[in-house]
Amino acid sequence: MIITYEDYIFLAFIALLLIISVLAIKKMNKKEKEMNTINKAKKDMIDLEAITKNIEADYRPVNIELSSYEKEQENNAIISYEELVNNRDNNNVSYDETYENNTVDVDVKKVDLNDNYGVNLEKGTYSVNLMSYEHEEAFLRALRKLQSDLAR
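So, a few notes on the structure that sits alongside this text. Just so you know, these numbers come straight off a predicted model, no measurement behind them. (Residues numbered from 1 in each chain as written. Predicted model: local features only at pLDDT ≥ 70, side-chain atom pairs only at ≥ 80, totals over all residues. Heavy atoms only, no water.)

1. Observations regarding the overall build of the chain
Here is the rule: Runs of E in the DSSP output that reach at least two residues are strands. Runs of H or I that reach at least four are helices, and both are numbered from the N terminus. Three labels apply to residues, based on accessible area from a 1.4 Å probe with only protein chains included: buried if under 20% of the type maximum, exposed if over 50%, partly exposed otherwise in between. Any two residues having at least one pair of non-hydrogen atoms within 4.5 Å are treated as being in contact. Each accessible area value is a Shrake-Rupley result obtained with a 1.4 Å probe; residue values ignore everything except the protein chains displayed when judging cover.
What the chain contains, in helices and strands, is five helices and two strands. Starting at the N terminus and walking to the C terminus, you meet the elements of the chain as α-α-α-α-β-β-α. Taken across its 152 residues, the chain has 2% of its residues classed as buried. The long-range share in the chain, meaning contacts at least 24 apart out of those at least 6 apart in sequence, stands at 42%. For the chain, the exposed surface amounts to about 15,300 Å²; the carbon and sulfur share of it is 57%.

2. Quick notes on the pattern of salt bridges
Pairing between side chains of opposite charge can happen when their charged atoms approach one another. Basically, it comes down to this: By salt bridge we mean one thing: a side-chain nitrogen of Lys or Arg within 4 Å of a carboxyl oxygen of Asp or Glu.
By the definition in use, this model includes one salt bridge. Taking the shortest distance from any N to any O, the salt bridge between Asp-149 and Lys-145 comes out at 3.1 Å. On the criterion of helical spacing, the pair formed by Asp-149 and Lys-145 is a turn pair, its members being four residues apart in helix α5 (residues 133-151). A relative accessible area of 32% means that Asp-149 is categorised as partly exposed. By relative accessible area, which is 53% here, Lys-145 ends up exposed.

3. A short note on the environment of Leu-130
Position of Leu-130 among the secondary structure elements: in the loop between β2 (119-120) and α5. Distance in space between the C-alpha atoms of Leu-130 and Glu-49 is 7.2 Å, their sequence separation being 81 residues. Setting aside chain neighbours within four positions, we find Leu-130 in contact with Leu-48 and Glu-49.

See the structure below:
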């Protein structure tokens, strides 16, 4: 049995096909692992906006058991915690209209504690705006560039 030149070419071609198929299988396995990692990361990602909205919607204050020291401090306080909690939605500030301001440059008003004159204040609204991933990445790149520029 004599191995000819054509047999060597055939064996080289078979070896080349074998190497290409092994590399293709490795590449497919690598892509599959990457996809599994990405899918797992997406599944494990926390939706902060939804959590924040749930906390705001379902918030219920919890009764706190006070120690004897805390009870004493609460009784001796100028304004109690309960008064603060009860008046948190009260947006009225009363100024004494009869108070005369002796300073020219500064507008000074005296607060009327008896609530004879009421001025309603607008209630502030709060919203949580989350930054998109692209904006966050651009911001971080800008910070890194600034840091490198400052390091020079």
